Structures are given as structure tokens and as C-alpha cells.
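Each chain, written out:
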Amino acid sequence: MQTELFDNRPKVRRNRLPPNPEAEEGATGIGRFPSWLHRKLPKGNSLLSTHKVVDGQRLHTVCEEAKCPNMLECWTAKTATFLILGKECTRACGFCDIDFNKAPAAPDPNEPARVAESAKQLGLRHVVITMVARDDLPDGGAAHLAAVITAVREVNPESTIEVLTSDLMGEESALETVMAARPEIFNHNIETVRELTPKVRHKATYERTLSLIRGAKTFITNNLSGNYFVKSGIMVGLGETKEQVQETLHDLHDAGVDIVTIGQYLQASPKKLRVQAFITPEQFAAYEVYGKQIGIPHMYCGPFVRSSYNAGRLLEQIKER
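Reading the values: the criteria
- Residues numbered from 1 in each chain as written.
- Predicted model: local features only at pLDDT ≥ 70, side-chain atom pairs only at ≥ 80, totals over all residues.
- Heavy atoms only, no water.
- Core = buried A, V, L, I, M, F, W, Y, C linked by side-chain atoms within 4.5 Å.
- Buried < 20%, exposed > 50% of the residue type's maximum accessible area, 1.4 Å probe, protein only.
- Contact = heavy atoms within 4.5 Å.
- Helix = DSSP H or I, 4+ residues; strand = E, 2+ residues; numbered from the N terminus.
- Axes fitted to C-alpha atoms, helices over the stretch in contact; angles between N-to-C directions.
- Nonpolar A, V, L, I, M, F, W, Y, C, P; charged D, E, K, R; others polar.
- Disulfide = S-S within 2.5 Å.

Examining the nonpolar core
Okay, so step 1: Residues I129, F186, V260 and I262 are the most contacted members of the largest nonpolar core, which totals 73 residues.
Okay, so step 2: When neighbours within four sequence positions are excluded, I262 is seen to be in contact with I234, V236, V245, L249, F284, Y287, M299, Y300, C301, G302 and V305.
Okay, so step 3: Membership of the second largest hydrophobic core comes to six residues, among which are I185, F229, L314 and I318.

A word on unusual backbone geometry
Okay, so step 1: With a phi close to 50°, L168 is a non-glycine residue in the positive phi region.
Okay, so step 2: Positionally, L168 belongs in the loop between β7 (160-164) and α7 (172-180).
Okay, so step 3: In this structure L168 comes out as buried when scored by relative accessible area, which is 0%.
Okay, so step 4: For E191, which is not glycine, the phi dihedral falls at a positive 75°.
Okay, so step 5: Relative accessible area serves as the criterion here: at 14%, E191 is assigned to the buried category.

Examining the packing of helix α9 (residues 206-223) against helix α10 (residues 242-255)
Okay, so step 1: At a closest axis distance of 8 Å, the pairing of α9 and α10 adopts a crossing angle of 35°. Note on element contacts: α10 touches α9 through E247, T248, D251, L252 and A255, opposite Y206, L210, I213, R214 and K217.
Okay, so step 2: Each residue belonging to the contact of α9 with α10 can be placed in one class, and the counts come to five nonpolar, one polar and four charged.

Remarks on the state of the cysteines
Okay, so step 1: For the structure shown, the criterion picks out zero disulfides.
Okay, so step 2: C89 forms no disulfide, and the closest cysteine sulfur to it belongs to C93, at a distance of 6.4 Å.
Okay, so step 3: Relative accessible area serves as the criterion here: at 12%, C89 is assigned to the buried category.
Okay, so step 4: A disulfide-free cysteine, C96 has its sulfur positioned 6.5 Å from the sulfur of C93, the nearest such atom.

This is how it looks when you write it as C-alpha cells:
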């Protein structure tokens, strides 16, 4: 159980990050949600139909498991981000509310077909597939993810595919297995700045993430032609400074990313890291400008931006450009 993980550790408040006196200038203090984090509930009946499709195929979505604030909007638009390899993760990151289990159930061999059929029923033109970390598997779950990509493409030949992977324990062969299945977008989030990584992420490292991104970009350059992209994302509001975010953008650019998303971190449960600051829309806009200025082709920044939020629409915009 996840509670045991925290109860058995020394009495250190995991959900507290030390205050940073140099935290971002473009931020407000914590307390009540600022006005830009309030939103109207979506209208329409598509929310229930999306739930019916996902539930009927016995699938998990990161929308539900990670308590994404955009779920109602996305499900009303008949889009969902599939979460494969079960709903229990072998890591317990300080920001993520997905259930923790050192030894999850074995991958379901029928899952690829169910994901493919769900994508067809929802009429998805862009299919986003994410995964829990599976450090219990020799390849980190790479072969299963590749099987899902293959199944989705067979049933939905006109759809593009985006994957959001774990760091696959840094195994080059596992990365090549995923890339050989040719997802149009390979996404692996760096999540936070270098200085906060040990507190925010569990087992994953800043340098390993950059290495994985470089590997994905190299594979595309050497083996694929056409519209293939590498993507990564950052959460802000954890106490990082503006300069640290800019440094991270430079590191991602040097690693070869094509797309970077930046969004506001929101605490999903009392056990998770607390929000240190609410970043203003003006600061998000400044990050978007800065990223483009240093050479990142596509920046998508805003309080509600998440890795897979409006992913299909973003890809269409990129192709139009």
C-alpha cells in the first residue's frame, strides 16, 4: 500500500519542500486558488459516452488515476489518455498520485487490442498512450508499449500516436524497442529543474531523462523520415526559480526536444508535495517566448497545460506551420 511506503520512512515530511527565497518572480503566494485557476464546467453528454467506452474496455486512463484537472474538458471532447501496464506504479514520486506497488500484476496480453478498439470507438485522430513505471519488468514494459502502438495503428491506420514513457531505467535497447514501433511523438517528461529532481521524482534522474531524450532524437534522425517529434514537460510552482527553469529549457534544447510543455503543479492529495507558488499567466507567456528564443521549435505553456492536454490539436498546429 502507498501509505506503508510513507509510514515506514523516517519522520520527514515528504510533502514539504524547503522554501526557496529566490523562487520565481512571476508567481503569487499560496493560499486560495487565483482567478486564472478557476474554470467553468464543460457542457454536453460526451463525458458519459467517453466513460462508457473506457470502462467498457476495462481500461485505465491517466486522466483518472493522476487526477488531472482537465479530465472533464477532455472527456467532454471525447478524448482520453490511455494508461497501460496497469494502474499501479513501481515508483512513488512526490508529485504523482498514481497508486504505488513494488510488484504489480503482469501485463495484460489483451490490453493492446482493447486500447486499439477504444481509440476506434472514440474516433481519435491522435491517440495518446502513457504508462506507469514498471521497474519489475526486464525491459521496463517497452515491448508491451510497442505492442499497443502496433495494435492501435492496425485498427486506426489514419490516426497519429503519441507515447509518454517512463525513463525505461535508462536501457537503450528498451528505448529502441519503443522507437521502432514509430510513434509520431515520443514524450518523456523531465518534470522539474535539476535542483528539485531528487525530492520530486523517485529513482528517475535529471541526466537520465536528458539521455533518453537524446537517444530518441538520435533514433529519429538515423532511422525515420517524416513528421516525428520528441517532447518533454515541466511542472512549475514547486519552488524553482525563473533562472532554473530557463536552464532546464536550455538543457532540453541541447538534448534535441521539438516540443516543451510547461504547466502549474497542483497537489493531487495531502501526501503529495505542496504547491509553493501559483505562477501567473504572464510568466507562462514569458517562458513560451524564452523557449522559442533559444531555439525550441514548439512551446506550449499555461496554468492548465499538461503533457497530453490538447496533444492532437498541438500536433495539427505543428504540421500547419
